[in-house]
Amino acid sequence: MRAEAPSPEPEARRAGLGRRRVRRRGRARLRQHGGGGEGRARPRQPARGGGARARLPAHQSAAARRLRVHVLPQTVLYIADAETFSGHEECHEQKKARKRNSKETALAIEKLLPKRCQVLGLLTPGIVVTPMGSSSNQPQEIEDGEAGFALLFPKIDGVKIQTFHFPKEVKNRVIDENKFAEAGLKNNPDLRVVLLFGYNSWKSGATRFLHQIVNPLNEKSIILAGGQVESFTSLISENNTAQPSDACGVVGLAFSGPQIQSATVLLDQDVADERTAEAAMQRLKAANIPECNTIGFMFACVGRGYRHYKTKRNMEADAFRKFFPNVPLFGFFGHGEIGCDRIVTGNFVLRECNDVKDDLLHGYTTVMTLIHLGSTKANQA
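Model, not experiment: these values are computed from the prediction.

**Some thoughts on the sheet that holds strand β6 (residues 140-142)**
Okay, so step 1: One open sheet holds the seven strands; their spatial order is β6-β5-β15-β14-β19-β13-β17, and the pairing between them is mixed. For this open sheet the edge positions go to β6 and β17 (342-343), each flanked by a neighbour on one side alone.
Okay, so step 2: In this structure, strand β14 (residues 294-301) lies alongside strand β15 (residues 329-334), joined through six bridges in parallel fashion. Bridge pairing links M298 to G331 in β15.
Okay, so step 3: Contacts from helix α7 (residues 274-285) reach β13 (261-267), β17 and β19 (366-372) within the one sheet, and its direction differs from that of β13 by about 160 degrees.

Here is the structure:
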């Protein structure tokens, strides 16, 4: 920032001179382009960029001030391509590139968020994201290159979102059931949806450990979806601060609340063209999940995408958009998928329920999930 010497003029006078100069330049610009003659009233143009805000009439100002509120996130899920966190950046002091540390990037993100905010950060081989600006924007499957997104959940009436972490411990071969209860995964009649993410799946015993977490949750009355990621970078909550390590484990989000509705469908290996992909989306559409205040998730194998669909990119995201034009879609390409065809009605009873346990762990598939958070507006703080 460039320092400037103080002017001897009073502050109010300097401000007035500045406004007059702006008006003179504005009049000259209007004359140059043939706009408005002398004596004609000219509408004041809105300021651009960081200009001064126009004053509102007295009868509107109070109402407008009440609308100027900020919604603070209580839970944040961010997912980034591994290259985004472990790529290279230029070091200006030494005039050379250095490798970014994923922990440094994670800490920089966390500093932007409220201290009491739950944060779950994941690194994956690829990203599925709907660009910011409108829920009707076209979702994109970004299989190569740096990419990422963050979902910020505010406090929502009737909805509780809770992060959890189950690291694999060498000494304890059995998961403590009390930890399930603490995470809201047991003795919780309002539990509706569980997003599960296994990390460091290449480690010995990782798949067996994931089964230990998934099997107790394989109930017909809740939706389970997710996949295997490369690693996780953040897991922060009020009562739980865990540091990433080289060990394997499972992290996730539990969604509880009577107003939540959800459904999932599985696109297996036989889904390999536009027609069969759209047929899977029709099954998801048949769940009749309300599309207002709803988020779509796509968890796909790294072996799918344009390689699976014979160089045609964005096939599954495009099929989703065709049937859900106003639902934003997020997710990732990973090393294994968690989910099945499971549709739950408004009173959260599975349709066509049977006594056979669903097979939830897959490979070379895609899991599409809808989560409806209800019609209640987010609390404003």
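**What to know about α7**
Okay, so step 1: With twelve residues, α7 should reach 16 Å at 1.5 Å per residue; the first-to-last C-alpha distance of 16 Å fits that figure.
Okay, so step 2: Within α7 the residues assigned to the buried category are T276, A277, E278, A280, M281 and L284.
Okay, so step 3: Turning to α7, the residues buried within the fold contact β13, α9 (315-323) and β19.
Okay, so step 4: Between the side-chain oxygen at the start of α7 and the backbone nitrogen of R275 there is a gap of 3.3 Å, and the oxygen is on D273.

**Examining the sheet that holds strand β11 (residues 231-236)**
Okay, so step 1: Strand order in the open sheet formed by four strands is β7-β1-β4-β11, with mixed pairing between adjacent strands. Here the strands that pair on one side only, and so sit at the sheet edges, are β7 (148-154) and β11. Each adjacent strand pair in this sheet contributes to an overall mean axis angle of 10 degrees, direction not counted.
Okay, so step 2: Of the pairings in the sheet, the one linking strand β4 (residues 118-124) to β11 comprises five bridges and is antiparallel in character. Note that in β11 the partner of L122 across the bridge is F232.

**Looking at unusual backbone geometry**
Okay, so step 1: Residue N288 is not a glycine yet carries a positive backbone phi of 60 degrees.
Okay, so step 2: Residue placement: N288 occurs in the loop between α7 and β14.
Okay, so step 3: Overall, N288 belongs to the exposed group, its relative accessible area being 57%.
Okay, so step 4: Phi is positive for Y364, which is not a glycine, with a value near 65 degrees.
Okay, so step 5: Mapping Y364 onto the fold places it in the loop between β18 (361-362) and β19.
Okay, so step 6: Judged by relative accessible area, which is 33%, Y364 ranks as partly exposed.

Cut-off values and rules
Along each chain, the written sequence defines residue order, and numbers are assigned to residues from 1. Selection of residues for local features in this predicted model requires a pLDDT of at least 70, selection of side-chain atom pairs for listing and counting requires 80 or more, and totals for whole chains, interfaces and linings are taken over all residues. Side-chain numbers here rest on the full set of heavy atoms in the structure, without hydrogens or water. Any two strands with at least two DSSP-identified bridges between them are counted as paired. Comment: elements are numbered from the N terminus, with helices defined as DSSP H or I runs of at least four residues and strands as E runs of at least two. In what follows, residue pairs with any heavy atoms lying within 4.5 Å of each other are defined as contacts. To obtain each axis, a line is fitted to C-alpha atoms, and for helices this fit is confined to the stretch in contact; angles are then taken between N-to-C directions over 0 to 180 degrees. Take the residue count of a helix, subtract one, and multiply by 1.5 Å to get its expected span. Three exposure classes are used, based on accessible area relative to the maximum for each residue type with a 1.4 Å probe and protein chains only: buried under 20%, partly exposed in between, and exposed over 50%. Under the rule applied, a polar contact is a pair of N or O atoms within 3.5 Å (in protein, one hydrogen donor and one hydrogen acceptor; residues adjacent in sequence only if both atoms are side-chain atoms).

Interpretation note: all reported values are geometric properties and have no functional meaning in isolation.
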